[in-house]
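# Descriptive structure summary
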Amino acid sequence: SGKNYGIPADNPFVGVENARAENWAYGLRQPWKMHFDAETGVLWTGNVGQDLWEQIFIVERGGNYGWSVMEGSHPFRPERTRGPTPFVAPIVEHNHTEFRSITGGIVYHGSRLPELKGAYIYGDYDTGQIWMFRYDAATKQVSDHRQLVDSPLRLVGFAEGDRGEFALIDHTGGMLHQLVPNDTPDTSAQFPRKLSETGLFRSTDDLALAAGVVPYTVNAPQWCDGAVKQRYFGLPGDSQIEFEAVTYPQPAPGARPGWRFPDGTVIAETISLPMEAGNPNSLKRIETRILHYEALIGNEDFGNQYWRGYTYVWNDDQTDAELLDSAGGTRTFTIKDAAAPGGQRTQTWRYPSRAECTVCHNMAAKYVLGLTTEQTNCLANIDGRRMHQLRHLDGLQVFTSPLARAVTELPAVADYHNVDSPLDARARAYLHANCSHCHRKWGGGNTEFQFLASLALDKTGIVNTPPAHGGFFLPQAAVLAPSDPLRSVLYYRMAKLGSGRMPRLGSDVIDAEGVQLIHDWIASLPSDGASSRIIADERAVLDELVAANGIDPQRLETLLATSSGALLLMDAIDDGRVSGEMRSFVIVAGNASSQSHVRELFEKYLPEEQRPQRLGATIQAETILALEGDRTRGRRLFLETNGVLCKSCHKLEGQGTEVGPDLAQIGKKYERSKILDNILSPSREIDPKFTVYLAVTNDGRVLNGIMVEKTDATVSLKDNLGKVTQIKTEDIDTLTPQQQSLMPDLLLREMTADQVADLLAYLSSLK
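## Some thoughts on the overall build of the protein chain
A tally of regular secondary structure across the protein chain gives 17 helices and 34 strands. Over its C-alpha trace the protein chain gives a radius of gyration of 28 Å, about what one expects of a compact globule, namely 27 Å for 767 residues. Viewed in the frame of its principal axes, the protein chain has a C-alpha envelope of about 75 × 75 × 60 Å. Residue pairs in contact within the protein chain that sit at least 24 positions apart in sequence constitute 57% of those at least 6 positions apart. For the protein chain, the distance from the average site of its 75 positive side-chain charges to the average site of its 96 negative ones is 2 Å.

This is the structure:
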């Protein structure tokens, strides 16, 4: 009535209050592209994610695909209102270490490629990859999931003909392509398997560069777990760089253009790790990373930036390095360290996967992070002389035209190691080097702020900004709280290990000097008058603890009860106020905390081999699910074993505490795989009934727990010990839902795969 279209009577939201009757499914962020399977009628779509995940969905009547509460199967803004129907999980999803902008495809029913018949074929716009999988609707299982080709296309769509054949649509080239069997003999063996075969070095023994390969340095190096880097680049033939010619995208006024590199450019860095702490003469080469630029046909500003990353791992003789496979890897080194127990410690090094390279070297950062104006505009030691690096490069004629401005007029980020530079400039340079490639518009950081040093602080969006993904129970938390590091999530995330630590990739060791720099910078910023009574009280408790100069369990327990109190203790350890026997006692107590947001601040003080082995890094869910498990042993684990914390929040067979959901019929509600997923990632999907709330009272107290009851007069919260606290509504300053579940995300950290399989056998039997 009154419209130029009709609404089918069986649409799922017809007659639903506060819903548009036109809706058939919802919660998709950016479907690209949709496809009806010609044989089954099933509607498939690729769904472009925002920050971390790309998805393939089957779209069903009334389906809720999560956005923007979820990004695929992962929380995005969990505090937002959820729709009336349950979330639908992706059939397949890719992390941004693999895909960057998914392009949905087709279910193939043609005859030209019989080996692909019945498979869903799709791809990625940014990387050009084309993948396939087969899907069994009856069992809801994916099989034969694999890459078909790593193409140079900007794959924007699939065009299907009336006989089931298809064409690939290339956006920047403006052409249609076919997928055909590759009958060309495998030539991958011709790719340089050794660093000495790349042509970058005259001699890899002494790392002597080949003619035409140019070394360079940067103002603000990225933290690399204590390692040091040697950087160089090579341009093919007599090709040159166009200085500041790449202008996409400009996320904010003042963002700098990038350099446009010629086809075939190679940028490389050799990373060396000291084998003895504090001894610069003990460096050992561990890897050389290479970015190789392949120009694509089309828009040179936007579409044809295609950089491939490779890693070469050095041998123990330090004579050469071998090409690492695309998946990356790890290696553990033994480091001499007088401060470590027994005079040595271990350090595990992560070699990045090739896809991980694209997370930092992304389109928003114009792909190249070090060879930029603001990073290379510095004095450097060149051929034994101290000279200006940009002017030196200009003299080598690497640019297509001479620099039009004096180098002193060009921008530069500060050397944050130089204590004579202003504190503000040093801190902004540190954040620019370590964070801004993701935390900028379109950069992939799951936030709405930016860390570009070229932006004024009040334009970055971090000052007094409420954290979008939980405040880790810091009182009156903000991304950056001026003058108060203990309320600043930025500082907290840098200071901890475990989930939520920043940087998310490329580092497993905390940068103590960098953390202190950011602490001092935040503390130096003018206060806006906001303060926390609880932090003031905790400072007084810490002062009493330090003055007592002895072990004081009661005051220690008070401080370890909150994130801010734990940060105060951590600071006191780092600056030497807590030392000797008391230091050891605090570290043991901090690591024994049942609260992950406290415990993860103290794990850095343990030798690496004594730290918890996190399941996410060491155990694959498939490995556990492949084990049969024993129900009797699992029951004993749940009910009788010390250190297994299930019964501290769940009640079964008359034992335990009623905090979390009732598990009496958990096996009827969920399959084994879903039970395991809920244990490993308890904050991924939280039942609204068990959302954790952080309450800050008018007098500065901070309480958190599950909402038991809320009336006009009172709010009742149940903590992780089952204790219910009732607060008068008039006494509450803020009441905020949190992303973190009360259930620790490392609950199974001390258990073996067999033990977890036993526990699953018990839980899945509860029907």
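So much for the structure itself; the text now carries on.
## What to know about the nonpolar core
Counting residues in each nonpolar core, the largest one holds 57 residues, and the members touching the most others are Leu 490, Ile 518, Trp 521, Leu 567, Leu 569 and Phe 602. Every element with two or more residues in this core is listed here: helix H4 (423–435), helix H5 (489–495), helix H6 (512–524), helix H7 (533–548), helix H8 (553–559), helix H9 (563–574) and helix H10 (580–591). A per-element tally of this core places H9 first, with seven residues. Ranked by size, the runner-up nonpolar core spans 24 residues in total, among them Val 218, Ile 241, Tyr 367 and Leu 403.

## Some points on the packing of aromatic side chains
Counted according to the given criterion, the structure contains 26 aromatic pairs. Measuring from ring centre to ring centre gives 5.6 Å for Tyr 108 and Phe 166, while their planes differ by 80 degrees; the resulting arrangement is edge-to-face. With Tyr 108 in the loop between strand E7 (102–107) and strand E8 (120–124) and Phe 166 in strand E12 (residues 166–170), this residue pair connects regions lying 58 residues apart in the sequence. Considered together, Tyr 108 and Phe 166 belong to a single accessibility category, that of buried residues. Through pairs of rings, three or more aromatic residues link up here, namely Trp 44, Phe 99, Tyr 120, Tyr 122, Trp 131, Phe 133 and Tyr 135. Looking at Arg 29, its charged tip hangs above the ring of Trp 67, at a distance of 5.5 Å from the centre. Above the ring of Trp 314, the side-chain terminus of Arg 285 is found at 4.8 Å from the ring centroid.

## Brief notes about the side chain of Asp 337
Inspection of the secondary structure assignment puts Asp 337 in the loop between strand E24 (329–336) and strand E25 (344–351). Take Asp 337: its relative accessible area is 15%, and that puts it in the buried class. Here the side chain of Asp 337 touches Ala 339 through a polar contact of 3.0 Å, landing on its backbone nitrogen. The residues contacting Asp 337, other than those within four sequence positions of it, are Ala 277, Gly 343, Gln 344 and Arg 345.

## Thoughts on the environment of Ala 9
Relative to the helices and strands, Ala 9 is located in the segment before strand E1 (31–36). Ala 9 sits 12 residues away from Ala 21 along the chain, and the two C-alpha atoms are 9.0 Å apart.

## Some thoughts on a nonpolar patch on the surface
A surface patch of nonpolar side chains, about 250 Å² in accessible area, is lined by Tyr 5, Ile 7 and Val 14. Inspection of the secondary structure assignment puts Ile 7 in the segment before E1. For Ile 7, a relative accessible area of 35% puts it in the partly exposed group.

## Some remarks on unusual backbone geometry
That bond from Trp 32 to Lys 33 is cis: its omega, -5 degrees, falls within 30 degrees of zero. Tracing the chain through its elements places Lys 33 in strand E1. The peptide bond linking Met 502 to Pro 503 adopts the cis configuration, its omega dihedral lying at 5 degrees. Residue Asp 383 is not a glycine yet carries a positive backbone phi of 55 degrees.

## So, the sheet that holds E1
Paired through their backbone hydrogen bonds, the strands of a sheet run either parallel or antiparallel. Pairing in this open sheet of four strands is antiparallel, and the strands run E1-E2-E3-E6 from one edge to the other. Single-partner strands in this sheet number two, and they are E1 and strand E6 (92–95). With strand direction ignored, the average angle separating the axes of adjacent strands in the sheet is 15 degrees. Relative to strand E2 (residues 43–47), E1 runs antiparallel, the two sharing four bridges. Looking at the pairing, Met 34 lines up with Thr 45 of E2.

Calculation rules
- Residues numbered from 1 in each chain as written.
- Predicted model: local features only at pLDDT ≥ 70, side-chain atom pairs only at ≥ 80, totals over all residues.
- Heavy atoms only, no water.
- Helix = DSSP H or I, 4+ residues; strand = E, 2+ residues; numbered from the N terminus.
- Rg over C-alpha atoms; globule rule 2.2 N^0.38 Å.
- Contact = heavy atoms within 4.5 Å.
- Lys, Arg positive; Asp, Glu negative; His and termini not counted.
- Charge placed at Lys NZ, Arg CZ, Asp CG, Glu CD.
- Core = buried A, V, L, I, M, F, W, Y, C linked by side-chain atoms within 4.5 Å.
- Buried < 20%, exposed > 50% of the residue type's maximum accessible area, 1.4 Å probe, protein only.
- Phe/Tyr/Trp six-rings, centres within 6.5 Å; stacked < 30°, edge-to-face > 60°.
- Lys NZ or Arg CZ within 6 Å of the ring centre and 35° of its normal.
- Polar contact = N/O pair within 3.5 Å; in protein donor to acceptor, adjacent residues only side chain to side chain.
- Patch = residues over 30% accessible without salt bridge, like charges linked within 9 Å, V, L, I, M, F, W, Y side chains within 5 Å.
- Areas by Shrake-Rupley, 256 points an atom, 1.4 Å probe, with all protein chains shown as cover.
- Salt bridge = Lys/Arg side-chain N within 4 Å of Asp/Glu carboxyl O.
- Pairing = 2+ DSSP bridges.
- Axes fitted to C-alpha atoms, helices over the stretch in contact; angles between N-to-C directions.

In short, geometric facts, not functional conclusions.
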